[in-house]
Protein chains: 2
Amino acid sequence: MSTVEAVTRAAAGAVEGLAAMGRAGRARLLRAAADEIEARREALIETAARETHLGETRLNGEVTRTAYQLRVFADVLDEGSYLEATIDHAGNTPMGPGPDLRRLLLPLGPVAVFGASNFPLAFSVPGGDTASALAAGCPVVLKAHESHPDTSALAFEALQAAVATAGAPEGTVGLISGREAGAELVTDPRITAVGFTGSLSGGQALRALIEARPEPIPFYGELASLNPLVVTPAAAAARTESIADGLVGAVTGSLGQLCTKPGLAFVPADAAGDALVARMATALADVPAGLLLNDRVAEGFDAIGADLRSQPGVSVKATGTTGEGATPALLTVDATNFTAHLAEECFGPLALVVRYTSEAELLDVLATLPGSLTGTVHSESTDDLAPLLAVLQPRAGRLLFDAYPTGVLVSWAQTHGGPWPSTNTVHTSVGPTAIRRFLRPVTWQNAPERALPEELRDDFKGIPRRVDGVLHVG
Amino acid sequence: MSTVEAVTRAAAGAVEGLAAMGRAGRARLLRAAADEIEARREALIETAARETHLGETRLNGEVTRTAYQLRVFADVLDEGSYLEATIDHAGNTPMGPGPDLRRLLLPLGPVAVFGASNFPLAFSVPGGDTASALAAGCPVVLKAHESHPDTSALAFEALQAAVATAGAPEGTVGLISGREAGAELVTDPRITAVGFTGSLSGGQALRALIEARPEPIPFYGELASLNPLVVTPAAAAARTESIADGLVGAVTGSLGQLCTKPGLAFVPADAAGDALVARMATALADVPAGLLLNDRVAEGFDAIGADLRSQPGVSVKATGTTGEGATPALLTVDATNFTAHLAEECFGPLALVVRYTSEAELLDVLATLPGSLTGTVHSESTDDLAPLLAVLQPRAGRLLFDAYPTGVLVSWAQTHGGPWPSTNTVHTSVGPTAIRRFLRPVTWQNAPERALPEELRDDFKGIPRRVDGVLHVG
């Protein structure tokens, strides 16, 4: 038996036990995991800093985020609305006598989660996919990202400690590593869904493997995103400096290695726009070079950056302080020279500013862009936003106004997911509703009370339920 | 420009207008469609009876169901909870200051719907996929099933009349026909999701085409289902005749051409079980032969029926009255002779009864079955249901108790969808929650009120919303 088979067999063996823990038991598991992550804060930061070159402040925040996210899903279990508990009592309907029907969402089964390179914790071994799948009641088999194996092992140790503390079944979490094992994992017959955050090419390779399975399973991929950001002429004039500084911060924070980095900014080709770009150039020139996450990211940044620089009409407006690693860069191009070839994500501290001379020109270019996780507009109250939103809304999962897309709060109203190629799903991967990815509906018809989950019994209280068509809170 | 391209272009052109109608406008559209269907009741029944050989009573019920279903989705729009409207006001969070985030589900875009042969209305041109997609705000391009073109044209005329009455955009509904056009439809870049009810092979062919698209889109297929039904020894003894009669009714109703027909029944190999099977044989012998939906269905019924009869240990226990068309058949096999080869859906009036000598033997066979839309248990209050449910629940989308799975009420608690190969989705295709298939979440961050959909404005009332984490009703 291969390692992968042993791990997925253990995961399959944990399905019933994890369900039997109920919502309260799984909430305890998630809170224990948060505690165990925090108990290893120093070691996690130190290990991840060494493996990812991300700074300590950023990694400290990521530990906090990871623990917070686990606790949010514990709260989601307590609240219980994610079950979509629904009762239709037997009775007359316009279609004749109707049976007693009761519906709930149940876990799919073992889930494979691929850790991302750029968030060694929050989108990795103990990250959002893991938290939402465990909350749903799905055992999780983790594929550690090859660029932070020690961080993955340490975080996995924290999850295992939580499994023991909470009395969860042994196979609740499993860890594998290596590309070949990852490929075996997504084709394993026991795996019922896959969560992946990474490159478009990596995601496409996994998708092809998954589509070749005899039994199709959902693949939730979060892939490439340009995150266009538009500055209207009025905003460029009114907030020249703050937008320039905010944008450079968003482009170069975490060395631009965020899936929500605004890689493409649209700035008017007027005097205010000139001043805004000049200020961006000055700000960016002060940003030091730095080591990217791994060699593959560094090679991609160099190759795509060089390709963008070589395109007709593209100029280098500024570069950061040179040094070891990747040097930040600010490129510009006129909207008339914008081609589909320029709409490629360059993962790292680089942005392309597109200068436009009219709203029509701006809208024409925006209409050629692929889907993104986010779309941002910096505007003034005098601007008519309708034409811009009409073209941005179909291309983004989150629309921002006078803000920067890099922060992704874990909250009920969050959406982290957008049209292809940013993701391939109709669900978010961040926030409570991410749990829906790992659930399927089941209906009990005419069931005796003893055969029903407790949340579907008539006298159960404490979670939102829809009874005979009417939604009741708690 | 091909016909398909013209139709999908018109559909893409209707996206904005359909959204602009709002929930109230689309509810009017759906109610108008229900009225127009009912206004054509006689003609629809007459045409469908000629094209499908289904009886007038059944088709009359289907007209009623189709109109009812359209009105249910109008009510879903009025109620508004399907939007999952969520507001997180700006404020302090454990992660620091949080932005104002507001989330809503938005329509995907034009949807392709493939009509089914066995429900010429309720799962066809004006059926559940169409009703839920239009409710979501997605224009629908319908692929008429080749075995009922006139019914499809007449039903489409009703939808077009409703589009005109409600003032919906012209491209709101479109109709194409032919296999080649269907293949072109699912690969058209403007199509954003596909709904399909039909054979496993047809679904697999469409899935392969969809997976070859450069931009992946969701494919919601409802395919093959065995619908196992278990009779416990206690139930066989207590309700011998009623179960036998109910089962034969479910197997032969609509000549067995229902995706929820119980094709596989498990009956104890004891005296009560013998009596139950004998009663089934007597009842089935009285059921007349009849014409199936079309030649392809008839050929499949003959071929799979012959294959099942030829398997080791399978006996023909009874056949119906011979005549023109397909003759109903009741086959039996001992559980010890059950193989995976027998777990194939035979669409039409045929059931295979598996005789088991112990619960262990029963559970062993059940554990080998593929996923189904439904799983049914006939039991008595003295039975321990836990072992049976442990094996049936992972294999079904709806669990029935002392009932028959063929009726599928359109109601909030309904699930019509199960594990592969019965479907390939984590959503139901019948009932209000089917709308979720055609929606994606979008979040507005820090948006000025004028940029928000009205349902996300602070002072909006009348639909359930989650505000700062707390669900409020209306």
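A quick note: this is a predicted structure, and the numbers were derived from the prediction, not measured.

A.B. asks: Honestly, the overall build of chain A in this entry has me stumped. Any pointers?
C.D. replies: Per the secondary structure count, chain A includes 14 helices and 19 strands. Along the three orthogonal principal directions, the C-alpha set of chain A runs to about 75 × 55 × 40 Å. Here chain A holds 474 residues, and the buried ones make up 57% of them. Pairs at least 24 residues apart make up 75% of the contacts formed inside chain A by residues separated by at least 6 positions.

A.B. asks: Looking at this structure, how should I read helix α2 (residues 22-39) of chain A?
C.D. replies: Each turn of an α-helix holds 3.6 residues, which means side chains three or four residues apart point in the same direction. All names here are of chain A. Its 18 residues give α2 an end-to-end C-alpha distance of 26 Å, which sits within 8% of 26 Å, the value for a rise of 1.5 Å per residue. By the burial criterion, the buried members of α2 are R23, R26, A27, L29, L30, R31, A32, A33, A34, E36 and I37. On its buried face, α2 sits against α1 (3-20), α4 (56-79), α5 (128-136) and α6 (149-166).

A.B. asks: Honestly, the sheet that holds strand β17 (residues 439-445) of chain A in this entry has me stumped. Any pointers?
C.D. replies: Strand-to-strand pairing in sheets goes through backbone hydrogen bonds, with the strands running parallel or antiparallel. Strand order in the open sheet made by the 12 strands is β19(A)-β18(A)-β1(A)-β4(A)-β17(A)-β16(B)-β15(B)-β10(B)-β11(B)-β14(B)-β13(B)-β12(B), with mixed pairing throughout. The two strands at the open ends of the sheet, each matched to only one other strand, are β19 (470-472) of chain A together with β12 (315-319) of chain B. The mean angle between the axes of side-by-side strands here comes to 20°, regardless of whether they run parallel or antiparallel. Bridge count for β12 of chain B against strand β13 (residues 329-334) of chain B is 4 bridges, and the pairing is antiparallel. Residue T319 of chain B lies in a different strand from β13 of chain B, and its bridge partner there is A329 of chain B.

A.B. asks: When you look at the packing of helix α2 (residues 22-39) of chain B against helix α5 (residues 128-136) of chain B in this model, what are you seeing that I'm missing?
C.D. replies: How two helices pack is summed up by the angle between their axes together with the distance between the axes. Residues and elements named next belong to chain B. It is at 9 Å that the axes of α2 and α5 come closest, and there the two elements cross at 155°. As judged from the angle between their axes, α2 and α5 are roughly antiparallel. The way α2 lies across α5 gives a crossing that is right-handed. Touching R26, L29 and L30 of α2 are A131, L134 and A135, all from α5. In terms of residue class, the contact of α2 with α5 is built from 5 nonpolar, no polar and 1 charged.

A.B. asks: How do you make sense of the environment of R465 of chain B when you look at a structure like this?
C.D. replies: All names here are of chain B. For R465, the location among the structural elements is in strand β18 (residues 465-467). Separated by 380 residues in sequence, R465 and A85 have C-alpha atoms that sit 5.0 Å apart. Discounting residues that sit within four places of it in the chain, R465 has contacts with A85, T86, I87 and H472.

A.B. asks: Sorry, what's going on with the sheet that holds β18 of chain B here?
C.D. replies: Reading across from one edge, β12(A)-β13(A)-β14(A)-β11(A)-β10(A)-β15(A)-β16(A)-β17(B)-β4(B)-β1(B)-β18(B)-β19(B) is the order of the 12 strands in this open sheet, with mixed pairing throughout. Two strands bound the open sheet, and with one partner strand each, they are β12 (315-319) of chain A together with β19 (470-472) of chain B. Looking at each pair of strands side by side, their axes are set apart by 20° on average, direction ignored. The sheet contact formed by strand β1 (residues 86-88) of chain B and strand β4 (residues 101-107) of chain B spans 3 bridges and is antiparallel. When the bridges of β4 of chain B are listed, I87 of chain B appears paired with R102 of chain B.

A.B. asks: Got a minute to help me understand the interface of chain B and chain A in this structure?
C.D. replies: Where interface size is quoted, it is often the accessible area lost as the parts come together. The interface of chain B with chain A comprises 59 residues on the first partner and 59 residues on the second. Where the side of chain B that touches chain A is concerned, the elements lending two or more residues are α4 (56-79), β1, β4, β16 (396-401) and β17 (439-445) of chain B. Partitioning the side of chain B that touches chain A into residue classes produces 30 nonpolar, 18 polar and 11 charged. Direction of pairing for strand β16 (residues 396-401) of chain A relative to β17 of chain B: parallel, over a ladder of 3 bridges. When the sheet's bridge partners are listed, R398 of chain A is paired in β17 of chain B with T443 of chain B.

A.B. asks: For this particular structure, what's the right way to read the relation of the copies chain B and chain A?
C.D. replies: To go from the first copy of the chain to the second, apply a rotation about an axis and then a shift along the same axis. Note on the copies: chain B fits chain A at an RMSD of 0.0 Å, the axial shift is 0.0 Å, and the rotation between them is 180°. Taken together, the rotation angle and the small translation identify this as a two-fold axis. The residues that chain B uses at the interface reappear at the interface of chain A in 100% of cases, marking a shared surface.

A.B. asks: How should I be thinking about unusual backbone geometry in this particular structure?
C.D. replies: Excluding glycine, a negative phi dihedral is what most residues carry, and trans is how most peptide bonds are arranged. With an omega dihedral of 5°, the bond running from W420 of chain A to P421 of chain A counts as a cis peptide bond. Here P421 of chain A is to be found in the loop between β16 and β17. Phi at N227 of chain B takes a positive value of approximately 50°, unusual for a residue other than glycine. When the 28 C-beta atoms within 10 Å are taken as the criterion, N227 of chain B is described as buried. With a phi close to 55°, S254 of chain B is a non-glycine residue in the positive phi region. Along the chain, the position of S254 of chain B falls in the loop between α10 (240-252) and β11 (264-268).

A.B. asks: What exactly am I supposed to notice about the pairing of strand β15 (residues 372-378) of chain B here?
C.D. replies: A regular strand carries its side chains on alternate faces of the sheet. Residues and elements named next belong to chain B. Burial analysis of β15 places 7 of its 7 residues in the buried class, which makes it a mostly covered element. Pairing between strand β10 (residues 228-231) and β15: 3 bridges, direction parallel. Directly across from V230, in β15, lies its bridge partner V377. Bridge count between β15 and β16: 5 bridges; the pairing is parallel. Note that in β16 the partner of S372 across the bridge is A396. Handedness of the crossover joining β15 and β16 through helix α14 (residues 386-392) is recorded here as right-handed.

A.B. asks: What's the story with the nonpolar core in this structure? I'm lost.
C.D. replies: The tendency in soluble globular proteins is for nonpolar side chains to be buried side by side. Counting 298 residues, the largest nonpolar core has L30 and V194 of chain A together with L30 and V194 of chain B as the members making the most contacts within it. When near neighbours in sequence (up to four residues on either side) are disregarded, V194 of chain A contacts A112, V186, L206, I210, I217, F219 and Y220 of chain A.

A.B. asks: Just checking my understanding: could you explain the confidence of the model for chain A for this structure?
C.D. replies: Where the model shows low pLDDT, its predicted coordinates should not be examined in detail. In this model, chain A carries a mean pLDDT of 97, and residues with pLDDT of at least 70 account for 100%. As a predicted assembly, this complex carries a pTM of 0.97 together with an ipTM value of 0.98.

A.B. asks: Just checking my understanding: could you explain α10 of chain B for this structure?
C.D. replies: Residues and elements named next belong to chain B. Between the first and last C-alpha of α10 there are 18 Å, a value that for 13 residues agrees with the 18 Å anticipated at 1.5 Å per step. Listed in full, the buried residues belonging to α10 are T240, I243, A244, G246, L247, V248, A250, V251 and T252. S254 sits one or two positions beyond α10 and adopts a positive phi of about 55°.

A.B. asks: Help me understand the environment of P97 of chain A, please; the structure alone is not making it clear to me.
C.D. replies: Residue and element names in this part refer to chain A. As for its placement among the helices and strands, P97 is situated in strand β3 (residues 96-98). C-beta crowding within 10 Å serves as the criterion here: with 10 such atoms nearby, P97 is assigned to the exposed category. As for P97 and T415, which are separated by 318 residues in sequence, their C-alpha atoms are 41 Å apart.

A.B. asks: Before we go on, may I ask you to explain the packing of α2 of chain A against α4 of chain A in this structure?
C.D. replies: Residue and element names in this part refer to chain A. Axis separation between α2 and α4 bottoms out at 8 Å; the angle between their running directions is 170°. Relative to α4, the element α2 is oriented roughly antiparallel. Where α2 abuts α4, its residues R23, R26, A27, L30, R31, A33, A34, I37 and E38 lie against V63, T66, A67, L70, R71, F73, A74, L77 and D78. When grouped by side-chain class, the residues that make up the contact of α2 with α4 number 11 nonpolar, 1 polar and 6 charged.

A.B. asks: What is the right way to look at the environment of A278 of chain B in this model?
C.D. replies: All names here are of chain B. The residue A278 is located in helix α11 (residues 271-285) in this model. Overall, the presence of 14 C-beta atoms within 10 Å leaves A278 in the partly exposed class. Between the alpha carbons of A278 and T240 there is a distance of 9.8 Å; along the sequence they are 38 residues apart.

Quick notes on the rules
Residues numbered from 1 in each chain as written. Chains lettered and ligands numbered in written order. Predicted model: local features only at pLDDT ≥ 70, side-chain atom pairs only at ≥ 80, totals over all residues. Helix = DSSP H or I, 4+ residues; strand = E, 2+ residues; numbered from the N terminus. Buried ≥ 20, exposed ≤ 12 C-beta atoms within 10 Å, placed from the backbone. Contact = placed C-beta atoms within 7 Å. Expected span 1.5 Å × (residues − 1). Pairing = 2+ DSSP bridges. Axes fitted to C-alpha atoms, helices over the stretch in contact; angles between N-to-C directions. Parallel < 35°, antiparallel > 145°, perpendicular 65-115°, else oblique. Left-handed = near helix turned anticlockwise from the far one by under 90°. Nonpolar A, V, L, I, M, F, W, Y, C, P; charged D, E, K, R; others polar. Least-squares fit on C-alpha atoms with pLDDT ≥ 70 in both. Right-handed = clockwise from strand over helix to strand, strands pointing away. Core = buried A, V, L, I, M, F, W, Y, C linked by C-beta atoms within 7 Å. pLDDT = per-residue confidence, 0-100.

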